[in-house]
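These are the residues of each chain, in order.
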Amino acid sequence: MAKKVDESKETLTAKDEKKAAKLDAKIEKAEKKKAELQEQIDDLKNKILDEKDEKVKKKLRKQRDNLTTQLNGIKKSKDGATIPLAPLAKKRLSACIAVVCVIALLCAYVATGVARNGVLAYFGVPQKNVTAFVMTDGEGKTHDIKVNTYNYYFALYYYNLRSQYEQYSQNGYDMGENAVDFDQKLSKQTTTDEDGNTITWAKYIHDQVEDSIKSTYMYYYEAVKDNGGKDPEITDEQKSELEKTVSDYAEQADANGRTISGYLTAIMGKGVTEEVMRREETIRYISQNYLTDYQDKLANKEYTNKEYQDYLKEHKDELQVVDIMWFEADSEDDAKKFKKELKADGSNFAALASKYTSKDNKFEKEANKDPVETTYKEISKALLQQANPAIAQAEEEEHEEGEEHEHSYPGLDWIFSSKRKKGDIRQQSTSVVYILKKAYMSETKTVNVRHILISPLSEEEQADGNTDATQATTKQWKAAEKKAKKILAEYKKGDKTAEAFGKLAEENSTDGSASNGGLIENVIPCQMVPAFNEWCFDSSRKTGDTAIVKTEFGYHIMYFESEGDLLVWQYSAQQALASTATTEKQTSVESAYTIKETWLGSRFLEIDTDIDS
């Protein structure tokens, strides 16, 4: 959308150079943070796809949405204007007045250019009754999208974009010729679209809003069609979330000395009411649920052995795993010293990991004395890349002007090369890797486990989403350990079933899996933190095994449920095939639906900055 301005100049004063350096540092920091957030979001998306319990999914989605909000720079303003929704306590005009509007006065309003500012427009009559878009599905059936729906989506996009630009500004970005001034008319400012064409900002936002409406409504219509022509029910959690949002708006309206209707109409646009907000948010939930449920069905689809073998033939390099010891130092100099001191047999790897762990991180410094913490058995290329160590990061290849940027991964290529042998060592930037076993096909199955997480952090410390317990006090850790032992003892006094353990998890665990009885299914090697992972994949593990495992999140009371039905590589293949099928479904639905704007509706659509008035 917006391009970063070329900051190079023919001459720079020392002061200018210092200023430019600071700006570059800010931008680099912002880009790094953006990349980190995107990785976390992608990881959560995968977890959501795997998760079956709706309550757990809700928590994962909330985490995903919070991270997406950070990524987009969306933040809540003091007056609440950046949290779009909408309500109604407006008087309804009589039917006869509405008829007069449509038959007698509409042409005059349109002709004189005051249709969007007249009395009837103010009360939202045209916005409620006039069709903005006509959507046609694959069966040729048409659906009308009213103007107030467009105005609602416009407000959502407008405020998010405005907040994003505020964040860019704070991070030192200069948008140059593609900057947008939200205090001026958007129709009088230009930017470039994805194809490089110059268009007005009003047009750019309009196109984005139209795409958003289409993508939401087409899955909504599919959901209704599959539900016998009726709206599917949204979940109780979604209903509660919606009511909470309405309540928040009511409080914001009161704080601004307005009725909820007046307040939300002012910030969301003409025709947007509580009724509209409730309808649109319900539709968004239904659309989201339809696509998620479809993804879940595919994620659990069974494939034939031939399909797995065919996939293996084409993707063997991606499905192989390696056994390595890996440490990420604080600096490249430390990594070089680490490599120099590392013995050929790797026997002092853990000791060096502890030595070169920052003194400030006492928890990790102590933990790294155990070889388990730096040993990764059967780790895949995808998981290693997801962990984002220096050795797994991309290097951009040289390319001709106009060609696509190509990236190579020399570190990953080295680790997974067939030429590797036990004892090979590589230091790349801050990473040090020791090969224990070269790339191979794993014969390990996924596992299903339950756990109860007892965090040493207080409820207040956890309230802001903090899960890192490494800074907890010794007293807090002892209290958490005592509680974990007490709960495990309580379990052992009972009937020792998975259901009994699950009930204790629901009552005591601070992990997101608590609502599902602490159950985590289809765990693969190195997916979890080292100590947790080591316990899960111990070769002696059997159903009903229990233990207490300590990690940086707290004490985990473990329960081994069972082995999964698939080998790890088969599970990875199944998820990939499901993902491809989901994409094909999305492409099919998108191509089946068309959306067309109506001329009359376009006269009443929100543009520029009207919604601030």
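See the structure shown above.
Residues numbered from 1 in each chain as written. Predicted model: local features only at pLDDT ≥ 70, side-chain atom pairs only at ≥ 80, totals over all residues. Heavy atoms only, no water.

Student: Explain the packing of aromatic side chains here, please?
Tutor: Two descriptors summarise a pair of aromatic rings, namely the distance from one centre to the other and the angle between the planes of the rings. Here the structure, examined in full by the defined rule, presents 26 aromatic pairs. With a centroid separation of 5.9 Å and an interplanar angle of 15°, the aromatic rings of F154 and Y158 are classed as stacked. On the criterion of helical spacing, the pair formed by F154 and Y158 is a turn pair, its members being four residues apart in helix 6 (residues 147-170). Here F154 matches Y158 in class, with each residue buried. (Phe/Tyr/Trp six-rings, centres within 6.5 Å; stacked < 30°, edge-to-face > 60°. Helix = DSSP H or I, 4+ residues; strand = E, 2+ residues; numbered from the N terminus. Buried < 20%, exposed > 50% of the residue type's maximum accessible area, 1.4 Å probe, protein only.)

Student: Where do I start with the environment of G423 in this structure?
Tutor: Mapped onto the fold, G423 is located in the loop between helix 16 (410-415) and strand 9 (425-428). C-alpha separation for the pair G423 and A344, spaced 79 residues apart in sequence, amounts to 6.4 Å. Setting aside its immediate chain neighbours within four residues, G423 contacts A344, Y434 and I435. (Contact = heavy atoms within 4.5 Å.)

Student: Looking at this structure, how should I read the sheet that holds strand 14 (residues 554-567)?
Tutor: Hydrogen bonding along the main chain pairs the strands of a sheet, whether they run parallel or antiparallel. Ordered by their spatial adjacency, four strands build an open sheet running 12-11-14-13, and the pairing between neighbours is antiparallel. Since the sheet does not close on itself, it has two edges, and those belong to strand 12 (519-523) and strand 13 (546-551), each with one partner. Sheet twist, expressed as the average angle between the axes of neighbouring strands with direction ignored, equals 40°. Bridge count between strand 11 (residues 445-454) and strand 12: three bridges; the pairing is antiparallel. Residue pairing in the sheet places V449 in a bridge with I520 of strand 12. On top of the sheet, helix 19 (residues 498-508) reaches strand 11 and strand 14; it is set at about 45° to strand 11, its chief contact. (Pairing = 2+ DSSP bridges. Axes fitted to C-alpha atoms, helices over the stretch in contact; angles between N-to-C directions.)

Student: Looking at this model, I keep getting lost on the pairing of strand 10 (residues 431-440). Mind explaining?
Tutor: Side-chain direction in a regular strand flips from residue to residue, so the side chains alternate between the two faces of the sheet. The buried fraction of strand 10 is high, at seven of 10 residues. Where strand 5 (residues 321-328) meets strand 10, seven bridges bridge the pair, whose relative direction is antiparallel. When the bridges of strand 10 are listed, E328 appears paired with S431. Note that strand 9 and strand 10 share four bridges and pair antiparallel. The residue of strand 10 that forms the bridge with R426 is V433.

Student: Mind showing me how you'd approach the sheet that holds strand 10 here?
Tutor: Ordered by their spatial adjacency, four strands build an open sheet running 6-5-10-9, and the pairing between neighbours is antiparallel. In this open sheet, the two edge strands, each paired with only one partner strand, are strand 6 (375-380) and strand 9. Direction aside, the axes of adjacent strands within the sheet are offset by 35° on average. Lying over the sheet, helix 12 (residues 332-341) contacts strand 5, strand 9 and strand 10, oriented at roughly 165° with respect to strand 9.

Student: Honestly, the environment of A353 in this entry has me stumped. Any pointers?
Tutor: As for its placement among the helices and strands, A353 is situated in helix 13 (residues 349-355). A sequence separation of 15 residues divides A353 from F338, and the C-alpha atoms of the two residues are 8.0 Å apart. Those residues in contact with A353 that sit more than four places away from it in its chain are F327, F338, N368 and T374.

Student: Would you take a moment to explain the pattern of salt bridges for this structure?
Tutor: Oppositely charged side chains are able to pair whenever their charged atoms sit close together. A complete count under the given rule lists 21 salt bridges for this structure. Notably, a salt bridge pairs K306 with D310, separated by 2.9 Å at the nearest N-O pair. One end of the pair, K306, and the other, D310, are both in helix 11 (residues 305-319), four residues apart, so they sit about a helical turn from each other. Overall, K306 belongs to the exposed group, its relative accessible area being 57%. Notably, a salt bridge pairs E332 with K336, separated by 4.0 Å at the nearest N-O pair. Residue E332 and its partner K336 are located together in helix 12, separated by four residues, close to a single helical turn. Taking the relative accessible area as the measure of exposure, K336 reaches 42% and is therefore partly exposed. By sharing partners, the salt bridges in this structure join D538, R541, K542 and D545 into a single network. (Salt bridge = Lys/Arg side-chain N within 4 Å of Asp/Glu carboxyl O.)

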